[in-house]
Amino acid sequence: MINLDFKSDTPIYEQIIEQIKYHVMKGNLEAGTIIPSVRKMALELSITPGTVAKAYQELERQGIIETIRGKGTFIALKIEKKPDEEKVEQISKEFQSKIIELKMMGYDEEHIVELIRNLYREMS
Amino acid sequence: MIKVENVSKRYSKIPVIEHIYLTVSRGEIRGLIGNNGAGKTTLIKCITGIYKPDDGSVLYDDEKIYDNPDVKHKVGYVSDNCGYLGRYSVSGMVRLYENYYPNFNKEKFNTLNEEFGLSLKSKVKNLSKGQKMRLGFMLELSKQPEYLILDEPTSGLDPVAKSKFMEILVQEVEKGNIGVLISSHNLGDLEKLCDTITLIEDGKVTNNTNVDDLKEQFVKLQVVIPGGIDSSKLNLPNIVNVSNVGSVYTIIIDNYDKMTEEWLKSKGAELIEVIDMGLEELYVSSQSRKGAEQNEKMA
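Residues numbered from 1 in each chain as written. Chains lettered and ligands numbered in written order. Predicted model: local features only at pLDDT ≥ 70, side-chain atom pairs only at ≥ 80, totals over all residues. Heavy atoms only, no water.

A. Structural view of the sheet that holds strand β12 (residues 239-245) of chain B. Residues and elements named next belong to chain B. Across the sheet, which stays open at both edges, the four strands sit in the order β12-β13-β11-β14 with antiparallel pairing between neighbours. Of all strands in the sheet, those with a lone pairing partner are β12 and β14 (271-275), marking the two edges. The sheet shows a mean angle of 20 degrees between the axes of neighbouring strands, direction not considered. With five bridges connecting them, strand β11 (residues 218-224) and β14 associate as antiparallel partners. The residue of β14 that forms the bridge with Gln222 is Glu273. (Pairing = 2+ DSSP bridges. Helix = DSSP H or I, 4+ residues; strand = E, 2+ residues; numbered from the N terminus. Axes fitted to C-alpha atoms, helices over the stretch in contact; angles between N-to-C directions.)

Next comes the structure, spelled out in C-alpha cells:
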C-alpha cells in the first residue's frame, strides 16, 4: 500500500501521510477500513516504529484516522474537510513557484489551468 | 516497569558490567546492542533474576526479581542457548510449564505452534538451534507474561521463521501490552522493532535513547569536493567517518549543523546531500571511530 522513497527529500513520515491521504481520496481506503498498527506498519516498511507513530499522530490530529484502544486503527468514518489556513498559504507559495517555472517554459494561463484540471480529475 | 538501577556484576573480582541504568515500560520494545563480550548476556541474567547483582537493583513494578517466584511468573525469558531438558518431548515441556506456571495457556501454545510447526513428539535434544528457539519463544509467550526478555532470538532462525517471529512478537506486544527487552546483533531487525535502544560497551552504557533521536543525531552526507582533498583534512571532532570514491565523499557526522556545513564549504565542498542511513551502518561507523582513536593513543 505504501511505497517509500528513501532518497527523497520529503521526510519518511510525510511520505506516509501523503500516501494514506492519496488512498483515502482515491477511495482505495474506505471509511472504517482497518489499517495496520504502528508496529506492523514499521515491520512492513522496515522503518522504526517511532516514524510510523509520528505519521499516525498527525493523521489522527487531522481527523483522517481514528484509533480505538484494543480494536485498532481505522480510516475515520467521517472525514471533516476544513481548510487549514497556514497550510493553504504554504501550498499557494508552492503553486506560485511552480507557475513561474511553467511560465518560463512557455506555458500560458490556459495550459497551466488545463494541466491542473487534468491532474485533479486523475485523482478523483 | 522494569527498572535497572546502578547494576554491577563481577566475575572473580573482574567487573563485567558496571553502573547500568535502564528502564522498560509495558508496551515498549527496547533493543540491547553491544559487541561480543560487552556484557549483554550477563546484564540479561541479572535482569531475569538468574544472577544476583553485586551492586544496584533490578525491580519489576517496584518488586525485586532475584529469588522471587511471584515476579518471575510474569516474566518470559528466552535465553541464547535455550538449554531445555533434552530428554523431554515438546509436549512434555508443555506439561512441565503447565505445572509450574499458573497463567500458562495451552491453547495459546497450540495456536502459536500452528505458525511455527514443531512436532509435539520430537525430543528437545533432537531439535535444531532455530527450533529450540521457537519452542522457547512459544513456551514463554504462553505464560502470558507482562515482560519478555529475549537474548539473541533471531540468530538461529531461517528467514521465514524470523519474519513470523517478528510478526508474532509485534502482535503480542500490542495485544498484551508486554514490555520487551531484546538483544541482537542484527541491527536491521532491531531498527524495525524497537522504540528505544541501549548501547553497551565494555560493560558500560554509552547510549540510552530513542531510535529516531539517534538516527537524527547522526547524519550521512554525500559531498562533492572537486579535485579531491586529503581525508585527514576533514578532521572536525564531530566527523565520525569519511570515505571517498574519486571526488565524491561520504561523511558521517555527529550533530550536523549550519557551522559544519559552512566548514565543509570552506574546504571546497560543492554538492552536499543528506542520505538515509540504517542503524547498522551508524553503529559500525561509530565503533570504527573508537578503534581509530584507541590506535592513536597506543602509538
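And the narrative resumes.
B. Up close: a negative patch on the surface. A contiguous patch of negative charge, built from A:Glu44, B:Glu114, B:Glu115 and B:Glu167, is present on the exposed surface. When you line up the elements, B:Glu167 lands in helix α6 (residues 159-176). (Patch = residues over 30% accessible without salt bridge, like charges linked within 9 Å, V, L, I, M, F, W, Y side chains within 5 Å. Areas by Shrake-Rupley, 256 points an atom, 1.4 Å probe, with all protein chains shown as cover. Salt bridge = Lys/Arg side-chain N within 4 Å of Asp/Glu carboxyl O. Lys, Arg positive; Asp, Glu negative; His and termini not counted. Charge placed at Lys NZ, Arg CZ, Asp CG, Glu CD.)

C. Spotlight on a nonpolar patch on the surface. Residue and element names in this part refer to chain A. A surface patch of nonpolar side chains, about 700 Å² in accessible area, is lined by Ile91, Phe95, Ile99, Met105, Tyr107, Leu115, Ile116 and Leu119. The set of elements that each furnish at least two residues to the nonpolar patch consists of α4 (85-104) and α5 (109-123). Take Tyr107: it is sitting in the loop between α4 and α5. Using a relative accessible area of 33% as the deciding quantity, one classes Tyr107 as partly exposed. (Buried < 20%, exposed > 50% of the residue type's maximum accessible area, 1.4 Å probe, protein only.)

D. Representation of the domain arrangement of chain A. Taken domain by domain, chain A consists of domain 1 (12-75) and domain 2 (85-123). Each of domain 1 of chain A and domain 2 of chain A has a C-alpha centre, and the two are 28 Å apart. (Domains from an automatic or database assignment.)

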